[in-house]
Amino acid sequence: MAAVRFASEQGLPVSIRGGGHSAPGFAVANGALMIDMSALKQTRIDPAARTAVAGSGLLWSELDAATQAYGLATTGGVDGTTGIAGLTLGGGLGYLDRLAGLTCDNLLGAEVVTADGQVVQASEDTHPDLFWALRGGGGNFGVVTSFTYRLHPVTEVYGGLLGYTTDRAADVLRAYREVSADAPDRLALYAGLVTAPPAPFVPEHVRGKRVVGLIPVYFGAAGEAARALAPLLAAAPPVLDLSTPMSYREVQQLTDGLNPPTMHHYYTAEWLHGLDDRTIEELVAAAADAPSPFSVIVLKRMGGAAGRVPADATPFWYRDARYNLDIHPQWAPGGPAEPHIAWAQAVRQAARRDWAGGGYVNFIESGQNTDRVRAAFGGNYARLAQIKAAYDPDNFFRINNNIPPAVRSGNGGRDGSD
């Protein structure tokens, strides 16, 4: 509250840092006052009610540790170093979303410091318009100091990594497409075109080479998982099979360490309605031509519980998309950024024949044009702009994938109603 009021009085822009990484780099801005939330680590778990109240500085690895002590979890990021705040406010994809919905679908309430320096409790019952906007509208509406989540029982999990050589990449992705079309809600499926890390579990002759990786995660008993995964393993027998029963926390750490520290990053993503053969071939070719060995292309099967939520129930519009395409260049410091950014944008264009109409707001890089931001919210953009006008009419919170406030008419007052 003091920081927001001070910045407002001094005419300073504000950046907000959560606990983890800001993919677009919004946490730090020259000439801005940073409000650093990373020390807010408190958690309160109610195992009987299956809820968690979580400080906005937590990482997913920290919240997972607290909830898994009771055999519970909510949808969280697939890298343990992701902060809970940014992921939740942008919608929130993860291994659990096909079974339990997106992170924002499991948000029950939030404590928020608004642009006028006041604290409000946002939920379905109080400030429901603000609560709606927080479930996928990004960091446009205030500084969230705590989140209240719905939790789900998560005990038996079967998952891991399946590895393939790149000469089979197109066949593997076609098999991934066919199997994921009828996947049960309990099965999460990711595919990645990556460089094999120098890890002990990777065969020596594959390390440092481009490979295709699949990550299937089944929430249920090993016997059920074997039946669910049998079609995938039959269609695409892996060179490397590291799937096994594991804890949810182990699942959440499957990709930890695949993003080396100190690297430079650029993020962009698309929602896809399908994955046709030509798109697959162009993605495989693009991965082979990546200017950095650390750059990755990742496909995630959407749908399930997340896809059954109406598009206007939260700001997260693209409920009917079948896949999320994540294009993530990484390169060592010292080299120019332009070749890597150009590569990412070319990959994005290659998938346009399957494009669903916009990208994932958490993966819209700073500096991408305002049309990309508008498209990310689809048919929910106008309502978000109206709520922005009610809670932040001067666009105080603007260092984000920004939604400028709508021009207000009439009294336009903020009354906490829709």
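See the structure above.
Per chain, residue numbering runs from 1 following the sequence as it is written. Side-chain atom pairs in this predicted model are given and counted only at pLDDT of 80 or more, local residue features only at pLDDT of at least 70, and totals for whole chains, interfaces and linings cover all residues. The side-chain values count all of the structure's non-hydrogen atoms but skip hydrogen atoms and water molecules.

Colleague: What should I look at first to understand empty space enclosed by the protein in this one?
Modeller: Gaps left between atoms show up when a probe the size of a water molecule is rolled over them. Buriedness for pockets is judged along seven lines, at least five of which must meet protein on both sides within 12 Å for an open set on the 1 Å grid over protein atoms alone, while cavities are sets there where a 1.4 Å probe fits but cannot get out, and lining residues have an atom within 4 Å of a point. Grid points are joined across faces, edges and corners, and a volume is the space filled by probe spheres set on the points. A full pass over the atoms with the stated rule returns 3 cavities of 30 Å³ or more. By volume, the largest cavity amounts to about 60 Å³. All residues other than Ala, Val, Leu, Ile, Met, Phe, Trp, Tyr, Cys, Pro, Asp, Glu, Lys and Arg, Gly among them, are scored as polar; the first ten of these are nonpolar and the last four charged. For the lining of the largest cavity, a count of residues per class yields 9 nonpolar, 3 polar and no charged. Empty space within the second largest cavity amounts to approximately 40 Å³. Looking at the lining of the second largest cavity residue by residue, the classes come out as no nonpolar, 3 polar and 2 charged.

Colleague: What's the story with the pattern of salt bridges in this structure? I'm lost.
Modeller: Just to be clear on terms, a salt bridge is a Lys or Arg side-chain nitrogen sitting within 4 Å of an Asp or Glu carboxyl oxygen. Scanning the entire structure with this criterion turns up 15 salt bridges. The partner of Glu-270 in a salt bridge is Arg-372, and the shortest N-O contact between them spans 3.0 Å. With a gap of 102 residues between them, Glu-270 in strand β17 (residues 268-272) and Arg-372 in helix α11 (residues 370-377) connect regions that are remote in the sequence. Exposure categories follow from relative accessible area, calculated using a 1.4 Å probe and restricted to protein chains: below 20% of the type maximum is buried, above 50% is exposed, and the middle band is partly exposed. Given a relative accessible area of 1%, Glu-270 falls into the buried group. Note that Glu-282 and Arg-278 form a salt bridge whose closest N and O atoms lie 3.1 Å from each other. Taken together, the positions of Glu-282 and Arg-278, both in helix α9 (residues 277-288) and 4 residues apart, correspond to about one turn of that helix. Salt bridges sharing partners connect three or more residues here, namely Glu-270, Arg-348, Arg-352 and Arg-372. What counts as a helix is a DSSP run of H or I of at least four residues, what counts as a strand is a run of E of at least two, and both are numbered from the N terminus.

Colleague: Any chance you could explain unusual backbone geometry here in plain terms?
Modeller: Only a minority of non-glycine residues have a phi that is not negative, and only a minority of peptide bonds are not trans. Non-glycine residue Arg-50 carries a positive phi angle of around 55°. Positionally, Arg-50 belongs in the loop between β3 (43-46) and β4 (51-55). We classify Arg-50 as partly exposed; its relative accessible area is 41%.

Colleague: For this particular structure, what's the right way to read helix α2 (residues 60-68)?
Modeller: Residues spaced three or four apart along an α-helix point in a common direction, a consequence of the helix completing one turn every 3.6 residues. Every buried residue of α2 is accounted for by Trp-60, Leu-63, Asp-64, Ala-66, Thr-67 and Gln-68. Throughout, a residue-residue contact means that at least one pair of heavy atoms, one from each residue, lies within 4.5 Å. For α2, the secondary structure elements touched by its buried residues are β3, β4, β5 (72-73), α3 (84-89), β8 (143-150) and α8 (248-251).

Colleague: Help me out: how do you make sense of the environment of Ala-234 in this one?
Modeller: Mapped onto the elements of the fold, Ala-234 is located in helix α7 (residues 222-235). Given the relative accessible area of 61%, Ala-234 is considered exposed. Separated by 59 residues in the primary sequence, Ala-234 and Ala-175 have C-alpha atoms spaced 9.2 Å apart.

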